[in-house]
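Descriptive analysis of the structure
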Amino acid sequence: MEQSLAEELVCCHCGDPCDKSIKIDFNFFCCYGCKAVHELLSNSDLQHHYLETSENNKSISQIKAERKYSFLDDETVTKQLLSFQEEDISVIRFSLPAVHCSSCIYLLEHLPLIEPAVLRSEVHFTKKEVNITFNGGTDLKKLAVLLSQLGYPPDVSLENPDKTKKHAEKSDIGVKIAVAGFCFGNSMLMSMPEYLDSKLLLTEEFKNLFSRINLAFALPVLFYSASDYFRSARKGIRVGNLNIDVPIVLGILILFIRSAYEIITQTGFGYIDSLTGLIFFLLIGRWYQGKTYQALSFERDYTSYFPISITCLIHGKECRRKLKELKKGDAVVIHNDELIPADGVIISGRGNIDYSFVTGESKLVTKEKGNFIYAGGRQKGGELVIELKKSVNNSELTRLWNQDIFKKKSETLQTRVDKISRYFTLSILLIATFTGIYWWFVDPSVVWSSVSAVLIIACPCALALVLPFTYGHAMRILGKKGLFLKNAEVIELMAGIDSIVFDKTGTLTENESCAKYEGDYLDPVDRQYLRSALGNAAHPLSRLIHDQLPPAPKCPVNHFKEEVGKGFEADVNSVPVNVGSAEFLEIEDASFSIKESNVFVRVGQKNGLFKIQSNYRSGIFDLLKSLRSRFKLLLLSGDNDAEKNKLKPYFDQLRFKQKPIDKLNFIADQEEHILMIGDGLNDAGALKKARVGIAIAEDIHQFSPACDAILSAKEITNVDAILNYSGRISWIVFIAFGVSFLYNIAGLSFAVSGNLTPLISAILMPVSSVTVVGLVTFLTTFQSNRIFN
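This brings us to the overall build of the chain. A count of helices and strands for the chain gives 28 helices and 28 strands. Classification of the 789 residues of the chain by burial places 51% in the buried group. Pairs at least 24 apart in sequence give 66% of the contacts found in the chain among residues at least 6 apart. Within the structure as shown, the chain displays about 36400 Å² of accessible surface, and the carbon and sulfur contribution to it stands at 56%.

What follows is the structure, given as structure tokens:
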């Protein structure tokens, strides 16, 4: 009997048969994985995942979701939706309108625990999107159904998702404002006789009629226009998070309940005009905030392009174009370690694509001529020519750059503000409670209006706007000065810098330096082979030598392998070409003079070297002199010490012959807050390890996800001004916080004293937001004009 009972037991999560060995309370599980997922869902208050079970162990909600997303079984539709797809891995971006709080982020980013086929899940909270990396063989409909069951049904559209979503959001809030405005205006009209009837000429019948019409106007405003506030407050309470919408909803409910009571019992006229006006002005503030966010996001994602150029092939000749100039149908040349800027098809060459930038999985994918390749991949090996099938999406590159695998772990002002804000709502509720108790004994007629005013006036909206708008405007201004930041946190991190580490080649020096050849004679064919190989290399010195060799038709590079910081080996028309350090080429240093920066080459059996006579960037020594008065300066160079005496007066410490791993280890051992300025690829490890890493971009640049910012090479002399501006931005943040706190303190003092009506509170709340946005806009622009001009 006991055995038959055990056989009848099924897992509480998945429905598979199980025994009694794993259980929680009266729920049994087949494995610890199902037990963990059940606990995760229970802690997130999502037990409805297990409710309404049908006969075949599928919930009714699951069956409905499967029908809704049945179109995802169509392979044509799936290909249009996927942002990346290879044999064993795919990436999809879903729009999830239901995402609203930190608990949503927690659950969605733990999808790999719920569905083993999901490799990684990353939430973009402000855009309400999730990027899911999953096993390529997984059914896309299965993921959509899973998200729907968890309470986050994806909004799937084959149109431009950003355009569709923004249009829907714009239309939704526009209608809500229109409804609230219409009802507010008519409610004021219905309330006019009550306000103007000083001689008591209005009969009770008309008073009751007008008040009941007023109550009718309140219903669409309460249940439709204010629905987002109620939804957000309800979800916040369900997960134990008292968000800022909780006191706002309480204020709305107090006004409505009090008004409804007075109107129904005919003991008063109510506060319907205040209620509808409150919601109308709240929605105006939300609309204004959203419009400003969109303006900053548009400039960031679409008008402020990465300062990076790409090699294009036009009528058989190579030329360089900025990212923003690339369009569908252009032929783009991708060299070793260069990023593929947009989806395309291989025209010539063999692709060895590293998609770790997209998927987080470091695995080379081989592609042949005619194969489709995705944006974000990095070519490893020989030259590749692709035809773009899409234009460059700058916002997509920014999103890839900000993936968790490239983020640095550090506590910023934003994280500290988030911690403080958790207690804001609770404090306001306590103040409102004590205010109500006080006025209940002093003057009961003031209780409702004073409590509502406290709940509404003390809104952290102004506080919440300080950081995104200050940093957003600063990023816009710095972008115009040639510095493209990874995210807003970089500004705060730069303000705390106390030491700066410079690379030399390609950072302090410019690519127009002189390269003089010594060694075995290289005939025109040898130089042609050497130039073809050099054109595929990433190091600045390789670019320098390439540009100074005589122009010649490019030969196919059949094999190419580069070791960062050392050199490369290549095969050009079956002739081996090696370029790099003496150690890499196994050449005795005694054969040549080493008191200069040298690049050794071997073409076939011929050996030689290029002596590099460095040309320092104009104004670089004035910059170093200015920086040294405020920061500790260090130089880490892979070259020899030929320039030591020239550079010594400007640095506190000099280190030469530093390999990439040496630079990384040196920065890791330092206790200072270091800013590293260097080459994006050769210094990738050091850039990532430093508090802030800035990659210098010449007219052509290999994009590195390890850096925190990209600075146009011609703007490097602005580094001092940039750091100075970052410090000023921190002061602007504190000034704006001070203004916001003063607003809340002053507003609360008036509300607690009973001298502020709910309607005036609702008007002042968006006014405070406008004030903060105007203040930070003025101050950031004013400081930029003072510092950069």
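Still more ground to cover, so stick around.
Take the packing of helix α11 (residues 245–265) against helix α17 (residues 447–457) next. Angle between the axes and distance between the axes: these two values describe a pair of packed helices. Orientation of α11 relative to α17, taken along the N-to-C sense of each, is 155°, at an axis distance of 8 Å. As far as their axial angle goes, α17 and α11 are roughly antiparallel. Here the hand of the crossing between α11 and α17 comes out left-handed. Residue-level inspection shows Pro247, Ile248, Leu250, Gly251, Ile254, Leu255 and Arg258 of α11 in contact with α17, the latter providing Trp448, Val451, Ser452 and Leu455. In the contact of α11 with α17, the residues fall into 8 nonpolar, 2 polar and 1 charged.

Spatial strand order, β18-β23-β22-β21-β20-β19: 6 strands in an open sheet with antiparallel pairing. The open sheet has two free edges, formed respectively by β18 (514–519) and β19 (557–563), since each of these has just one partner strand. Averaged over neighbouring strand pairs, the angle between their axes works out to 15° when direction is ignored. In the sheet, strand β20 (residues 567–572) pairs with strand β21 (residues 575–580) via 6 bridges, with the strands oriented antiparallel. Looking at β21, one finds that Val572 is bridged to Val575. Here helix α21 (residues 540–548) sits on the sheet and contacts β18, β20, β22 (597–603) and β23 (606–613); the angle it forms with β23, its principal contact strand, is near 100°.

As a further point, take the confidence of the model for the chain. Confidence in the prediction for the chain averages 76 pLDDT; 76% of positions are at 70 or higher. For the chain, the element scoring lowest by mean pLDDT is helix α1 (residues 2–8), at 43; strand β17 (residues 499–502) scores highest, at 93. Throughout residues 51–56 the model reports pLDDT below 50, and contacts reaching past four residues in sequence, or to other chains, amount to 8 contacts. Ignoring residues within four places in sequence, the model shows residues 590–595, a span with pLDDT below 50, making 10 contacts including any to other chains.

Looking now at the environment of Phe256. If you trace the backbone, Phe256 turns up in helix α11. Distance in space between the C-alpha atoms of Phe256 and Leu275 is 6.9 Å, their sequence separation being 19 residues. With sequence-adjacent residues up to four places away left out, Phe256 is seen in contact with Leu215, Ala218, Leu219, Leu222 and Leu275.

Right, let's get into unusual backbone geometry. Of note, Asn573 is a non-glycine position whose phi angle comes to about 50°, a positive value. Looking at the secondary structure, you find Asn573 in the loop between β20 and β21. Residues other than glycine seldom take positive phi values, yet Ser574 does so here, at roughly 70°. Structurally, the position occupied by Ser574 is in the loop between β20 and β21.

With that settled, consider the environment of Tyr229. For Tyr229, the position within the fold is in helix α10 (residues 227–238). With a relative accessible area of 4%, Tyr229 lands in the buried category. Taking the C-alpha atoms as reference points, Tyr229 and Ile279, separated by 50 residues in sequence, lie 9.7 Å from one another. Apart from residues no more than four positions distant in its own chain, Tyr229 is found in contact with Asp245, Ile248, Val249, Leu282, Leu283 and Arg286.

A separate point is the sheet that holds strand β4 (residues 89–95). A sheet is described by the order of its strands in space; here 4 strands give the open sequence β3-β4-β6-β5, paired in antiparallel fashion. Each edge of the sheet is formed by a strand with only one pairing partner; in this case those strands are β3 (82–85) and β5 (118–124). Each strand axis lies, on average, 15° off the axis of its neighbour in the sheet, ignoring direction. Here 7 bridges tie β4 to strand β6 (residues 129–135), and the two strands are oriented antiparallel to one another. Opposite Ser95, over in β6, you have Glu129 as the bridge partner. Packed on one face of the sheet, helix α7 (residues 140–149) meets β3, β4, β5 and β6 and runs near 40° to β4.

Next up on the list: the packing of α17 against helix α27 (residues 719–752). At a minimum axis distance of 8 Å, the contact between α17 and α27 shows a crossing angle of 170°. Judged on the interaxial angle alone, α27 and α17 are roughly antiparallel. For the pair formed by α17 and α27, the contact residues are Ser450, Ala453, Val454 and Ile457 on the first element and Tyr743, Asn744, Gly747, Leu748, Ala751 and Val752 on the second. By residue class, the composition of the contact of α17 with α27 is 7 nonpolar, 3 polar and no charged.

The subject of this paragraph is the packing of aromatic side chains. Ring pairs (aromatic) are described by centroid distance and by the angle formed between their planes. Counted according to the given criterion, the structure contains 11 aromatic pairs. The interplanar angle of 25° and the centroid separation of 4.9 Å between the aromatic rings of Phe560 and Phe568 together place this pair among those described as stacked. Residue Phe568 is classed as buried on the basis of its relative accessible area, which comes to 1%. Between Tyr616 and Phe621, the ring centres sit 5.1 Å apart and the planes meet at 50°, which makes this aromatic pair tilted. Judged by its relative accessible area of 12%, Tyr616 falls in the buried class. Members of the aromatic cluster, each reached through a chain of ring pairs, are Tyr616, Phe621 and Tyr650. When the ring centre of Tyr224 is taken as origin, the NZ or CZ atom of Lys176, which lies over that ring, is 5.7 Å away.

How each quantity is defined
- Residues numbered from 1 in each chain as written.
- Predicted model: local features only at pLDDT ≥ 70, side-chain atom pairs only at ≥ 80, totals over all residues.
- Heavy atoms only, no water.
- Helix = DSSP H or I, 4+ residues; strand = E, 2+ residues; numbered from the N terminus.
- Buried < 20%, exposed > 50% of the residue type's maximum accessible area, 1.4 Å probe, protein only.
- Contact = heavy atoms within 4.5 Å.
- Areas by Shrake-Rupley, 256 points an atom, 1.4 Å probe, with all protein chains shown as cover.
- Axes fitted to C-alpha atoms, helices over the stretch in contact; angles between N-to-C directions.
- Parallel < 35°, antiparallel > 145°, perpendicular 65-115°, else oblique.
- Left-handed = near helix turned anticlockwise from the far one by under 90°.
- Nonpolar A, V, L, I, M, F, W, Y, C, P; charged D, E, K, R; others polar.
- Pairing = 2+ DSSP bridges.
- pLDDT = per-residue confidence, 0-100.
- Phe/Tyr/Trp six-rings, centres within 6.5 Å; stacked < 30°, edge-to-face > 60°.
- Lys NZ or Arg CZ within 6 Å of the ring centre and 35° of its normal.

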